[in-house]
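Examining the three-dimensional arrangement
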Amino acid sequence: VFLEILPDYHFKRIAVNAKADGDFETLITLNDVPRTAEIHVQLVEQKSGAVVGEFSQTVDSDSVWLSHSFQGVKSWDPETPILYNARFSLRLNKKILYQKIEKIGFRTVELTGKDGIYINDVKVILKGVNRHSFYPTTGRALSEANHLEDIMLMKEMNMNAVRMSHYNPDERFLELADSLGLFVLDEVTGWQDGYDT
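1. A few points about the side chain of Thr108
Tracing the backbone through its elements, the reader meets Thr108 in the loop between β7 (95-104) and β8 (109-112). Looking at Thr108, its side chain comes within polar contact range of the main-chain nitrogen of Ala20, at 2.9 Å. Not counting chain neighbours up to four residues away, the residues in contact with Thr108 comprise Lys19, Ala20, Tyr118, Ile119 and Asn120.

Structure (structure tokens):
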């Protein structure tokens, strides 16, 4: 159980689509919108801390689409899972009202009919397992060590993918998988029916 205390103005949701060529698009949902506010996005290399680029856009509704093209980013792939910190700030008169950091990788995922999945224009064959969030001595209460043990076991068996099972996985598992180059098929409720496109 988590108790989260948030300020009067904050982000409810951040969704990011970062392509291998540096094109960046994000949908940000806010709980409320202060007049004349702006959202500032700063992209930082995770290892070196160097600022890759930044941009700002004024906010006029509680749901905002932002787009930008970052130059010189390195793409994410399973062998070199390069991640960046995207720092999202809600600002009013240059004062930060709320800030959140999301770890992101730049990758282009394409599904072609009768041909398969391509990541950054390279065809990928997914080899992996199904995973339930469970451990013999703790049940569904898993530690970071449990998550890491499962991921490393999959990687040691030359797997590149894991399918989650029907319920929301721990966000920390998803972060670890992303940082170690493991594709995740995040199976959510509704698995018994077909999905749309």
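2. So, the environment of Glu187
Topologically, Glu187 is positioned in the segment after β13 (183-185). Exposure remark for Glu187: the relative accessible area of 16% places this residue in the buried category. Expressed as a C-alpha distance, the spacing of Glu187 and Asn130, which sit 57 residues apart in the sequence, is 9.9 Å.

3. Focus on the pattern of salt bridges
Under the definition given, this model contains six salt bridges. Two residues, Asp115 and Lys123, come together in a salt bridge whose shortest N-O distance is 3.2 Å. The partly exposed category is assigned to Asp115, whose relative accessible area is 34%. With a closest N to O distance of 2.9 Å, Arg131 and Asp150 form a salt bridge. Highlighted residues: Arg131 in strand β11 (residues 128-131) and Asp150 in helix α1 (residues 144-156), separated in sequence by 19 residues. Assessed through its relative accessible area of 22%, Asp150 is described here as partly exposed. Members of the salt-bridge network, linked through shared partners, are Glu144, Arg172 and Glu175.

4. Some details on unusual backbone geometry
The phi torsion at Thr36 lies on the positive side, around 60°, for a residue other than glycine. Secondary-structure assignment places Thr36 in the loop between β2 (23-30) and β3 (38-45). Looking at Thr36, the relative accessible area reads 64%, which means it is exposed. At Asn93, a residue that is not glycine, the phi angle is positive and equals roughly 50°. Mapped onto the elements of the fold, Asn93 is located in the loop between β6 (84-92) and β7. Asn93 gets classed as exposed once you look at its relative accessible area, which sits at 68%.

5. With respect to the side chain of Ser165
Residue position: Ser165 is located in the loop between β12 (161-164) and α2 (171-179). For Ser165, a relative accessible area of 1% translates into the label buried. For Ser165, the side chain forms a polar contact with the side chain of Asn130, separated by 3.0 Å. A distance of 3.0 Å separates the side chain of Ser165 from the backbone oxygen of Arg131, its partner in a polar contact. When neighbours within four sequence positions are excluded, Ser165 is seen to be in contact with Asn130, Arg131, His132 and Glu187.

6. A closer look at the sheet that holds β6
Read across the sheet, four strands follow the order β4-β3-β6-β7 without closing on themselves; strand pairing throughout is antiparallel. Among the strands making up the open sheet, the edge pair consists of β4 (51-58) and β7. Between one strand and the next, the sheet's axes are offset by a mean angle of 15°, whatever the strand orientation. With eight bridges connecting them, β3 and β6 associate as antiparallel partners. The partner of His40 across the bridge, within β6, is Ser89.

Criteria and cut-off values
All residue numbers refer to positions counted from 1 along the written sequence of the respective chain. Where totals are concerned, whole chains, interfaces and linings use all residues; where local detail is concerned, this predicted model gives features only for residues with pLDDT of at least 70, and gives and counts side-chain atom pairs only at 80 or more. The basis for every side-chain value is the complete set of non-hydrogen atoms in the structure, without hydrogens or water. In this description a helix means any DSSP run of H or I spanning at least four residues, a strand means any run of E spanning at least two, and both kinds are numbered starting from the N terminus. In protein, a polar contact means a hydrogen-donor-capable atom and an acceptor-capable atom, both N or O and within 3.5 Å, with residues adjacent in sequence counting only if both atoms are side-chain atoms; elsewhere, any N or O pair within 3.5 Å suffices. Residue contacts follow a heavy-atom distance rule, with two residues in contact if any of their heavy atoms lie within 4.5 Å. Accessible area is worked out with a 1.4 Å probe on protein chains only. A residue is then buried under 20% of its type maximum, exposed over 50%, and partly exposed in between. By salt bridge we mean one thing: a side-chain nitrogen of Lys or Arg within 4 Å of a carboxyl oxygen of Asp or Glu. Here, strands pair whenever DSSP counts at least two bridges between them. Between N-to-C directions, angles span 0 to 180 degrees; the directions come from axes that are lines fitted to C-alpha atoms, helices contributing only their stretch in contact.

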